[in-house]
Amino acid sequence: MEISITKPLQLVRKKINSSSGSIIMAQSLATLLLFTVDIVFARSFSTELFGTWKQLLLISNFLLPLCSFGVIDGFKYFAAKEQKDWKSHYLTSLIWLIFIAILLVIVCLIGGGFLLSRFFSNPLLMDVCWVFPLIYLSYSFSTSSKYAVINQGLEKSFLKAMIISVVVSSILFAFALLFRGRLSQVEIILTLGYSLAFGHISRFLFMHYTLRGSVNAFVGFFDRIKKFIAYGFPLYLTSFLTIIILNIDKTIVSYYTGAEGFAIYSIGAKDIPFLSIISSSVYQANFPKLVSFYSNSEVLQAAKLWIRLTITVSRLTYPLILFFLLISEPAVIFLYGEPYQDSVRIFQTYLLVLLWRNNYYGALLSASGKTKWITIYSVIALVLNTILSLGFYALFGVLGVIYATFLTVSIVNILQMRHEKVLGQTFMEFLRKPILIFWIALILVTYFLYPVLF
């Protein structure tokens, strides 16, 4: 069935400027803090200590969230679908997270720190293992609260909470820097871990206060947990697959080129956080609305909204991609120096992948509750990206790995749009927007002519 888009884009822009705008600003603050902290720590700490800090972030941002087994994603979905029971769903998720945190403490008692230290080849992790259950609990609590306030249309509360969180973490980070001469390495890492945790805690407490009210979450607790896991577990598996997919290129390059080649590649193959923040924030702000459309059997309305959001975000991200493409060489050399000149073309090529960073292409599958298909498409992406990366590396060298990623993302996103029955109309709506075609053409022309003209 043809999807007709009649509402003006101004309505969507208004949505982005309000709810999505608050989320964008909040997440930009967190990204800016970590970016600044990385620069300061790299210059202030030893290589070993800075490496431990990066491992702490890696574990906190990628491994610990997986311990929830998809319950947080399940809460986000059912809180939007069953609006009357959102508070019971919210408190149920918090109780589950406390239970998992207790299990993590037990894991630390029976040798979890030893396993981390061996896996990451870093003895310091054995002595700081105890901070991870606290980071997990605080981060997970703040994530559940974020979804709850967004679901209730209180995005400005999330922004205020993030400001408080950044201030709290900054003060504690500054303490670690000022007294680093008096603290041991273990004490410094623990202080940094507590800085992350207390930042999350302060954010959670502020948002939780805005959601105050009592309800008996123990009544029907296990039934809700079963629903959460049934919905969220496929997304949980997808998270594992995504981590693997995101590191296929790095693994292949590291294997074939060694440490020096990998260093050059890692500098160039970087995401632009702000582009990801725009698309993810718009998706998060509108996810409850998409779920509501599906709950009311208004499938066409959900598709219309998704297409309008994709077009609007593209208007914002495409000019930014061109801008970063044009300044890529002076920016890379200024930040990292002449030895990383070869990273420039890698960075430019990676920018092509970001053409697809204009929305979440599994949004409609997620909003409709068909999360198993998201896992299926992740498996397809994993297999396809592995095969193409190996083949393209043999043909084109390091750039071939990024070409493989671009082709994989393109194919999988097209398949998902076809599954969601929005492929044809999305294509037609892009054709009706000459400015978008202009930006895409200009980006591609600039990419291919850059080595000749500059």
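The coordinates are above.
Read on for a plain summary of the structure. (Residues numbered from 1 in each chain as written. Predicted model: local features only at pLDDT ≥ 70, side-chain atom pairs only at ≥ 80, totals over all residues. Heavy atoms only, no water.)

Along the chain, Glu420 falls in the loop between α16 (398–419) and α17 (423–431). Within the buried core, Glu420 has no salt-bridge partner, and the shortest N-O distance to an opposite charge, that of Lys370, equals 9.1 Å. Beyond its immediate chain neighbours, meaning those up to four positions away, Glu420 contacts Tyr361, Gly362, Ala363, Leu364 and Leu365. (Helix = DSSP H or I, 4+ residues; strand = E, 2+ residues; numbered from the N terminus. Buried < 20%, exposed > 50% of the residue type's maximum accessible area, 1.4 Å probe, protein only. Lys, Arg positive; Asp, Glu negative; His and termini not counted. Salt bridge = Lys/Arg side-chain N within 4 Å of Asp/Glu carboxyl O. Contact = heavy atoms within 4.5 Å.)

Ranked by internal contacts, the top residues of the largest apolar core, which has 124 residues, are Trp53, Tyr90, Phe132 and Leu192. In terms of residue count, helix α11 (residues 299–326) provides more of this core than any other element does, twelve residues in total. Those residues in contact with Trp53, other than ones at most four positions away along the chain, are Leu34, Val37, Asp38, Phe41, Phe173, Ile189, Leu192 and Leu196. (Core = buried A, V, L, I, M, F, W, Y, C linked by side-chain atoms within 4.5 Å.)

With that settled, consider the packing of helix α13 (residues 343–353) against α16. For the pair α13 and α16, the least separation of the axes is 9 Å and the interaxial angle reads 5°. The orientation of α13 relative to α16 falls into the category roughly parallel. Here Arg345, Ile346, Thr349, Tyr350, Leu352 and Val353 of α13 lie close against α16, whose contacting residues are Val398, Leu399, Ile402, Tyr403, Thr405, Phe406 and Val409. Here the residues of the contact of α13 with α16 sort into ten nonpolar, two polar and one charged. (Axes fitted to C-alpha atoms, helices over the stretch in contact; angles between N-to-C directions. Parallel < 35°, antiparallel > 145°, perpendicular 65-115°, else oblique. Nonpolar A, V, L, I, M, F, W, Y, C, P; charged D, E, K, R; others polar.)

Counted under the stated rule, the structure contains two salt bridges. For Glu429, the salt bridge identified is with Lys433, shortest N-O distance 3.4 Å. Lys433 carries the same exposure label as Glu429, and that label is buried. Through salt bridges with shared partners, one network takes in Glu429, Arg432 and Lys433.

The computed volume of the second largest pocket comes to approximately 420 Å³. Forming the boundary of the second largest pocket are 16 residues, of which Tyr318, Trp356, Phe427, Phe430 and Ile440 lie nearest the centre. The set of elements that each furnish at least two residues to the lining of the second largest pocket consists of α16, α17 and α18 (434–453). Taken together, the residues that form the lining of the second largest pocket break down as 13 nonpolar, three polar and no charged. (1 Å grid on protein atoms, 1.4 Å probe; cavity = no way out; pocket = protein on both sides within 12 Å on 5 of 7 lines; lining within 4 Å. Points joined across faces, edges and corners; volume = space filled by probe spheres on them.)

We now examine the packing of aromatic side chains. In the structure shown here, the tally under the stated rule is 14 aromatic pairs. Taking 6.0 Å as the distance between ring centres and 45° as the angle between the ring planes, the aromatic pair formed by Phe75 and Tyr90 counts as tilted. Linking Phe75 in helix α3 (residues 71–81) with Tyr90 in helix α4 (residues 86–119), this pair joins segments that are 15 residues apart in sequence. Taken individually, Phe75 and Tyr90 each receive the classification buried, so the pair is uniform in this respect. Ring centres 5.0 Å apart and planes at 80° place the aromatic pair Tyr447 and Phe448 in the edge-to-face group. The exposure class of Tyr447 is buried, given its relative accessible area of 1%. For Phe448, a relative accessible area of 57% corresponds to the exposed category. Of the aromatic side chains, those joined through ring pairs into one cluster are Trp306, Trp356 and Tyr361. Here the basic side chain of Arg345 rests over the ring of Tyr447, its NZ or CZ set 3.9 Å away from the ring centre. (Phe/Tyr/Trp six-rings, centres within 6.5 Å; stacked < 30°, edge-to-face > 60°. Lys NZ or Arg CZ within 6 Å of the ring centre and 35° of its normal.)

None of this, on its own, says anything about what the molecule does.
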